[in-house]
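# Residue-level structure breakdown
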Amino acid sequence: PSLLAARVLAASPAPATATATAATPTAVATPPTVTAPTVPAPPRSTKQVMLLQMLAGAGSGSITKTAVAPLERLKILFQIQGMVEGAPKKYTGVVQALGVVGREEGLVGFYKGNGANVLRVIPVYALKFAFNDTFKDMVRGGDVGPLGPQKLMLAGTMAGMMQQLVTYPLEVVRTRLSLGVTMGLHYNGITDCVKQILAKEGPAGLYKGMGPTLISGAPYVGLQMTMYSMLRRMAPVDSEGITPLQWSILAGAGAGLMAQTITFPGDVIRRRMQTNGAGGVPKIYRNSWHCTVVTVQKEGWTALYKGLSTNIIRCLPGAGIQFAAYDALKRALGVHEVHLHGRSE
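So, a few notes on the structure that sits alongside this text.

### Notes on the pattern of salt bridges
According to the stated counting rule, one finds 17 salt bridges in the structure shown. Notably, a salt bridge pairs K330 with D133, separated by 3.3 Å at the nearest N-O pair. You can see K330 sitting in helix α11 (residues 308–333) and its partner D133 sitting in helix α5 (residues 114–140), a full 197 residues away along the chain. Using a relative accessible area of 4% as the deciding quantity, one classes K330 as buried. Since its relative accessible area comes to 8%, D133 is described here as buried. A salt bridge links K208 to E201; the nearest nitrogen and oxygen atoms lie 2.7 Å apart. Each member of the pair, K208 as well as E201, carries the same accessibility label: buried. Three or more residues joined by partner-sharing salt bridges are found here, namely E72, K75, E171, D267, R270 and R271.

Here it is, written out as structure tokens:
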């Protein structure tokens, strides 16, 4: 029996001990994270892009004109000084003119006509910039990369012509409001000015000076847009191909200075024609050519550059601000393109 008991015990499994190691549970695999595919935003239509470009242009114009309104007023005062033969010169320089306007009209005098000017530049800048971008795409054709000077000039000139055809009456109203007190005219705001012009001069009164405007204004826009693009290409860019703000301002100022100096005589004739016969008084000039001839005969060639010094002071910040503001607003609205050559256009 003892031998049998020993064999049974040997065949039995050993009892579990307290020190036996517990079984390690099997690790459960974590399911992979599934990321939803990114759906690209639908491309904007041509109409949507142009509307956003117009919005950027309108904002740029409002900012620019309000910033330089005092100098804009002085420029116009200098341009029409000397129209009345024998009248003494009231303004002799920028500082002196600032003092005269400040004493006679107060702070508000520096902003006379600015409401009409901002109202004018909203469509002017909106159309000018949007038309320029649109015409650049039209003349680009299948070209890749930056446009040449000829195509830039063509696009800018067409943009200037189209913009001026649409917005010219607002330019006349702005000029009349700015010069009302100086010329003995009294307007109670934009609406009253339009009513008086229509009543005393007819619908044609809203288009006085249109001839020299098309001759000088359209090429001015072409020169400005072309020179800005060319100057900006010389400036450094950041890693995204964007021209830094300070370089955009410098390029815009240089472009504005060159374009306005070249076309300034046409601007002088335009201002004089806009005020010619204002308020129903007898006209001094029969047409734009007669205005040019009489101005040169009576006042010399230098009369075609009256107000140029004030205009240079005004246009340097003004032109710089308008281009920099337009580029910044386009980027904010998501319509600032970077072409294959790596530089924003």
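### Remarks on empty space enclosed by the protein
Within this structure, the stated rule accounts for three cavities of 30 Å³ or more. Estimates place the volume of the largest cavity at around 550 Å³. If you trace the largest cavity, you find 33 residues lining it, with K65, R120, Y220, D267 and R270 closest to the centre. Of the residues assigned to the lining of the largest cavity, the class counts are nine nonpolar, 13 polar and eleven charged. Roughly 120 Å³ of internal volume is contained in the second largest cavity. Surrounding the second largest cavity, 13 residues form its lining, N132, D133, K136, Y228 and S229 being those nearest its centre. Only α5, α8 (210–233) and α11 provide two or more residues apiece to the lining of the second largest cavity.

### Description of the packing of aromatic side chains
By the definition in use, this model includes eight aromatic pairs. Relative to Y91, the ring of F78 has its centre 6.2 Å away and its plane inclined at 70°; by these criteria the two rings are edge-to-face. Placement of the pair is F78 in helix α3 (residues 69–80) and Y91 in the loop between α3 and α4 (94–105), with a sequence separation of 13 residues. Here the two residues F78 and Y91 agree in accessibility, since each one is buried. Ring centres of F129 and F323 lie 5.7 Å apart, and the angle between their planes is 90°; this geometry places the pair in the edge-to-face category. A residue pair is termed long-range when its members are at least 10 positions apart, and F129 in helix α5 and F323 in helix α11 qualify at 194 residues. Across the pair, exposure class does not vary: F129 and F323 are buried alike. Ring-pair connections join several aromatic residues into one group, and the members of that group are Y125, F129, Y228, F323 and Y326. If you follow K128 out to its NZ or CZ, it ends over the ring of Y125, 4.3 Å from the centre.

Cut-offs applied
- Residues numbered from 1 in each chain as written.
- Predicted model: local features only at pLDDT ≥ 70, side-chain atom pairs only at ≥ 80, totals over all residues.
- Heavy atoms only, no water.
- Salt bridge = Lys/Arg side-chain N within 4 Å of Asp/Glu carboxyl O.
- Helix = DSSP H or I, 4+ residues; strand = E, 2+ residues; numbered from the N terminus.
- Buried < 20%, exposed > 50% of the residue type's maximum accessible area, 1.4 Å probe, protein only.
- 1 Å grid on protein atoms, 1.4 Å probe; cavity = no way out; pocket = protein on both sides within 12 Å on 5 of 7 lines; lining within 4 Å.
- Points joined across faces, edges and corners; volume = space filled by probe spheres on them.
- Nonpolar A, V, L, I, M, F, W, Y, C, P; charged D, E, K, R; others polar.
- Phe/Tyr/Trp six-rings, centres within 6.5 Å; stacked < 30°, edge-to-face > 60°.
- Lys NZ or Arg CZ within 6 Å of the ring centre and 35° of its normal.

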